[in-house]
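# Architecture and fold: a report
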Amino acid sequence: MAGKRLAIIDDDAAVRESLVWLLDGQGYLASGFDSAEEFLACPDGGDFNGIILDLRLSGMSGIMLLEKLAGWPYCPPVIMLTAHGDVPHAVAALKLGALDFMEKPFDDERLLERAEAAVLRDEQNRLLHGRRSKVSAALSLLTDREREVMQLILTGKLNKQIAEELTISMKTVEVHRARVFDKMGVKSAVELAGLLASQSPSNGGKG
């Protein structure tokens, strides 16, 4: 069942239970929460592969929860549900990273399609998040001087030019370059540039 865990956050018990029943019947492992606060108290909230979230909740609203989730290191894809849909709320939800916005009453087949899309997006996002975390960890190992050398490497400067700019010997530049490549797990400046480009948010979103 790994990779198919869904959280259902809705204060309407009938809707929540029907969604859990529907999703469980399709091979998902669905867990129901009657409030945003109950979900936030769940220690493994970030381990879900998708979240189905009602906009109107007692206590913290769905939009407020979505704002909190946007600050998580990794947030699973979110499908927003509401019986009171309007354009401003839809825009707000999508800007905060929601995968989709559906109005109640919703079509079961449509919801199942979006649940599957959430799981697939989660798989892609987790791979990207893992790569970014690995690159961030590698960057943290670089010394200040190695970072300076790396930035100049990325501008296309040769060892001789880097040595002149930093007022150090070419031999020292060669040592720093080798250490940068080793710590970052690359073999060339082109590979290094590609690796760092993968850190850009434009290469993938949260939800």
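Residues numbered from 1 in each chain as written. Predicted model: local features only at pLDDT ≥ 70, side-chain atom pairs only at ≥ 80, totals over all residues. Heavy atoms only, no water.

The name given to the protein chain in an unreviewed UniProt entry is Response regulator transcription factor, with the source organism recorded as Chromobacterium fluminis.

## Remarks on unusual backbone geometry
Residues apart from glycine generally show negative phi values, whereas peptide bonds are mostly found in trans. Heads up, the condition is: Only DSSP runs of H or I with at least four residues qualify as helices, and only runs of E with at least two residues qualify as strands; both kinds are numbered from the N terminus onward.
In this chain, lysine 104 is followed by proline 105 through a cis amide linkage whose omega measures -5 degrees. Tracing the backbone through its elements, the reader meets proline 105 in the loop between strand E5 (100–103) and helix H5 (108–139).

## Structural notes on helix H3 (residues 62–69)
Formally: Each residue is placed in one exposure class: buried if its accessible area under a 1.4 Å probe, protein chains only, is under 20% of its type's maximum, exposed if it is over 50%, and partly exposed if it falls in between. Taking the helix axis as origin, the arc is that swept by the directions to the C-beta atoms.
All of the buried residues in H3 are Gly62, Ile63, Leu65, Leu66 and Leu69. In a view along the axis of H3, the buried residues occupy a sector of 160 degrees, so they form one face of it.

## Overview of the nonpolar core
Basically, it comes down to this: Here, nonpolar core means buried Ala, Val, Leu, Ile, Met, Phe, Trp, Tyr and Cys residues that are tied together by side-chain atoms lying within 4.5 Å of each other. Here a residue-residue contact requires only that any non-hydrogen atoms of the pair lie within 4.5 Å.
Core analysis: the biggest nonpolar cluster contains 23 residues, and Ile9, Phe39, Ile51, Leu53, Leu65, Val78 and Met80 have the highest contact counts within it. Of all the elements in the fold, those that place two or more residues in this core are strand E1 (5–9), helix H2 (36–40), strand E3 (50–54), H3, strand E4 (78–82) and helix H4 (87–95). Examining the composition of this core, we find that 4 residues originate from one element, H3, more than from any other. Ignoring sequence-local partners within four residues, the contact set of leucine 53 consists of Ile9, Gly62, Leu65, Leu66, Val78, Ile79, Met80 and Leu81. In this structure, Leu19, Val20, Leu112 and Val119 belong to the second largest nonpolar core, which totals 20 residues.

## Here's the deal with the environment of glutamate 109
Considering the arrangement of structural elements, one finds glutamate 109 in helix H5. The exposure class assigned to glutamate 109 is exposed, which follows from its relative accessible area of 52%.

## Some thoughts on a negative patch on the surface
The test is simple: Each patch groups residues whose relative accessible area exceeds 30% and which form no salt bridge, using 9 Å between like charges and 5 Å between nonpolar side chains of Val, Leu, Ile, Met, Phe, Trp and Tyr. Surface exposure here means Shrake-Rupley accessible area, sampled with a 1.4 Å probe, where a residue is shielded only by the protein chains that are shown. Whenever Lys or Arg places a side-chain nitrogen within 4 Å of a carboxyl oxygen from Asp or Glu, that contact is recorded as a salt bridge. Counting rule applied: Lys, Arg positive; Asp, Glu negative; His and chain ends not counted. The location of each charge is read from NZ of Lys, CZ of Arg, CG of Asp or CD of Glu.
Where like charges cluster on the molecular surface, the negative patch consists of Asp11, Asp12, Asp34 and Glu38. Relative to the assigned elements, glutamate 38 resides in helix H2.

## Here's the deal with the sheet that holds E3
We count it as follows: Two strands pair if DSSP finds at least two bridges between them. Lines fitted to C-alpha atoms define the axes here, with helix axes fitted over just the stretch in contact, and angles between the N-to-C directions of these axes take values from 0 to 180 degrees.
In space, the 5 strands of this open sheet follow the order E2-E1-E3-E4-E5, with parallel pairing throughout. A single partner strand is all that each edge strand has here, and the edge strands are strand E2 (29–33) and E5. Taking each pair of neighbouring strands and ignoring which way they run, the sheet shows an average axis angle of 20 degrees. Sheet topology places E1 next to E2; 5 bridges connect them, and they run parallel. Within the sheet, the bridge partner assigned to alanine 7 lies in E2 and is serine 31. Packed on one face of the sheet, H5 meets E1, E3, E4 and E5 and runs near 160 degrees to E5.

## Points about the side chain of aspartate 54
In plain terms, the rule: Under the rule applied, a polar contact is a pair of N or O atoms within 3.5 Å (in protein, one hydrogen donor and one hydrogen acceptor; residues adjacent in sequence only if both atoms are side-chain atoms).
Assignment of secondary structure puts aspartate 54 in strand E3. Of the residues examined, aspartate 54 reaches a relative accessible area of 5% and is grouped as buried. Polar contacts involving the side chain of aspartate 54 include one to the side chain of lysine 104, which spans 3.3 Å. Every residue in contact with aspartate 54, bar those within four places of it in the chain, is listed here: Ile9, Asp10, Asp11, Gly62, Leu81, Thr82 and Lys104.

## Quick word on the packing of helix H6 (residues 144–154) against helix H8 (residues 170–184)
What counts is decided by this rule: Roughly parallel here means an angle under 35 degrees, roughly antiparallel means over 145, roughly perpendicular means 65 to 115, and every remaining angle is called oblique. Amino acids outside the nonpolar list (Ala, Val, Leu, Ile, Met, Phe, Trp, Tyr, Cys, Pro) and the charged list (Asp, Glu, Lys, Arg) are all regarded as polar, and Gly is one of them.
Packing of H6 against H8 leaves a shortest axis separation of 9 Å and a crossing angle of 90 degrees. Judged by the inter-axis angle, H6 sits roughly perpendicular to H8. Contact residues: H6 offers Arg145, Glu146, Val149, Met150 and Ile153, while H8 offers His176, Arg177, Arg179, Val180, Phe181 and Lys183. Its residues assigned to classes, the contact of H6 with H8 shows 5 nonpolar, 1 polar and 5 charged.

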